[in-house]
Amino acid sequence: DHRRIVDPEGRGSRGERFKSDEVPPRMVDRVMEIAKELDPEFAEQLTNMCHDDPEAFKNLIRRQGRRLGSLVQLRESDPDLFEVKLNELKIDAEISLITKSIRVLGVDEAVSQAQIATLRGLVRAKTALRLRVQTLSIDRLEKHIAALREKIADTSARFDEVVEEKVQQLLNPTKPPPSDK
């Protein structure tokens, strides 16, 4: 149960309020709910992380909680970017777990050296995903800019007509006021 690290009432065992470094139970629930909706495998990874390393889980929730909420919207608006961001979150969880394991084993151990190589590969993959996210974000911005340029050109070409339409909307009480589109 992912709530193991937090009390459902948002208070400690003696009823005291959580410290600022605690994760509110509602946020944990919301993140887990979103994770299950987005990708059951990722939700399972988070649940395992909660049991195996509650501190890493709390850190991940604090860092990524809001991002998960925006992923729901992103899934609808830009499926390509959604997939890349979801993979980035999965790799974040793997990086967190393997880093903890390396710290426990110590950097000089032979087993740890293999894990460091795995960690290096995960960091490389995450860096590649970040580059992909940035490229997709630039593409989205360029499309938005192009649409704004079209709107400016249209408004400029029909300037007097647009002004008259707005004046008529303001003077006509039966129509809703303009939204300055």
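Refer to the structure printed above.
Residues numbered from 1 in each chain as written. Predicted model: local features only at pLDDT ≥ 70, side-chain atom pairs only at ≥ 80, totals over all residues. Heavy atoms only, no water.

(A) Highlighting the pattern of salt bridges. Summed over all chains, the structure comprises 8 salt bridges. Measuring nitrogen to oxygen at the nearest pair gives 4.0 Å for the salt bridge that ties Glu88 to Lys85. With Glu88 and Lys85 both in helix α4 (residues 79-105) and 3 residues apart, the pair spans about one turn of that helix. Judged by relative accessible area, which is 5%, Glu88 ranks as buried. For Arg158, the salt bridge identified is with Asp154, shortest N-O distance 3.2 Å. On the basis of relative accessibility, which here comes to 27%, the residue Arg158 falls in the partly exposed class. (Salt bridge = Lys/Arg side-chain N within 4 Å of Asp/Glu carboxyl O. Helix = DSSP H or I, 4+ residues; strand = E, 2+ residues; numbered from the N terminus. Buried < 20%, exposed > 50% of the residue type's maximum accessible area, 1.4 Å probe, protein only.)

(B) Region of the structure containing the nonpolar core. Formed by 35 residues in total, the largest nonpolar core has its most connected members in Leu38, Phe42, Leu46, Phe57, Leu68 and Leu71. Sorting the residues of this core by element identifies α1 (25-38), α2 (40-52), α3 (54-77), α4 and α5 (110-157) as the ones contributing at least two each. Residue contributions to this core peak at 10 residues, all from α4. Residues within four places of Leu46 in sequence aside, it is in contact with Val31, Met32, Ala35, Phe57 and Leu60. (Core = buried A, V, L, I, M, F, W, Y, C linked by side-chain atoms within 4.5 Å. Contact = heavy atoms within 4.5 Å.)

(C) Structural detail: the side chain of Asp53. Topologically, Asp53 is positioned in the loop between α2 and α3. Notably, Asp53 is buried but unbridged: the nearest opposite-charge side chain belongs to Lys100, and the N-O separation is 4.3 Å. Those residues within four positions of Asp53 in sequence are excluded, and the remaining contacts are Asn48, Leu97 and Lys100. (Lys, Arg positive; Asp, Glu negative; His and termini not counted.)

(D) Structural context of empty space enclosed by the protein. Inspection of the entire model under this criterion finds 1 cavity of 30 Å³ or more. Taken as a whole, the largest cavity spans an internal volume of roughly 30 Å³. Taken together, Val31, Phe42, Leu46, Leu60, Ile61, Gln64, Leu68 and Leu89 form the lining of the largest cavity. Those elements that place two or more of their residues in the lining of the largest cavity are α2 and α3. (1 Å grid on protein atoms, 1.4 Å probe; cavity = no way out; pocket = protein on both sides within 12 Å on 5 of 7 lines; lining within 4 Å. Points joined across faces, edges and corners; volume = space filled by probe spheres on them.)

(E) Structural view of α5. Given a rise of 1.5 Å per residue, 48 residues ought to cover 70 Å, and the 71 Å separating the end C-alpha atoms of α5 matches this to within 8%. Listing the buried residues of α5 in full gives Ser112, Gln115, Ile116, Leu119, Leu122, Lys126, Leu129, Val133 and Leu136. (Expected span 1.5 Å × (residues − 1).)

(F) Representation of the layout of surface pockets within the structure. Counted as a void, the largest pocket has a volume near 190 Å³. What lines the largest pocket is simply Asp53, Glu55, Ala56, Asn59, Leu60, Arg63, Ile95, Ser96, Thr99, Lys100 and Arg103. Elements with a contribution of two residues or more to the lining of the largest pocket: α3 and α4. Here the lining of the largest pocket is composed, by residue class, of 3 nonpolar, 3 polar and 5 charged. (Nonpolar A, V, L, I, M, F, W, Y, C, P; charged D, E, K, R; others polar.)

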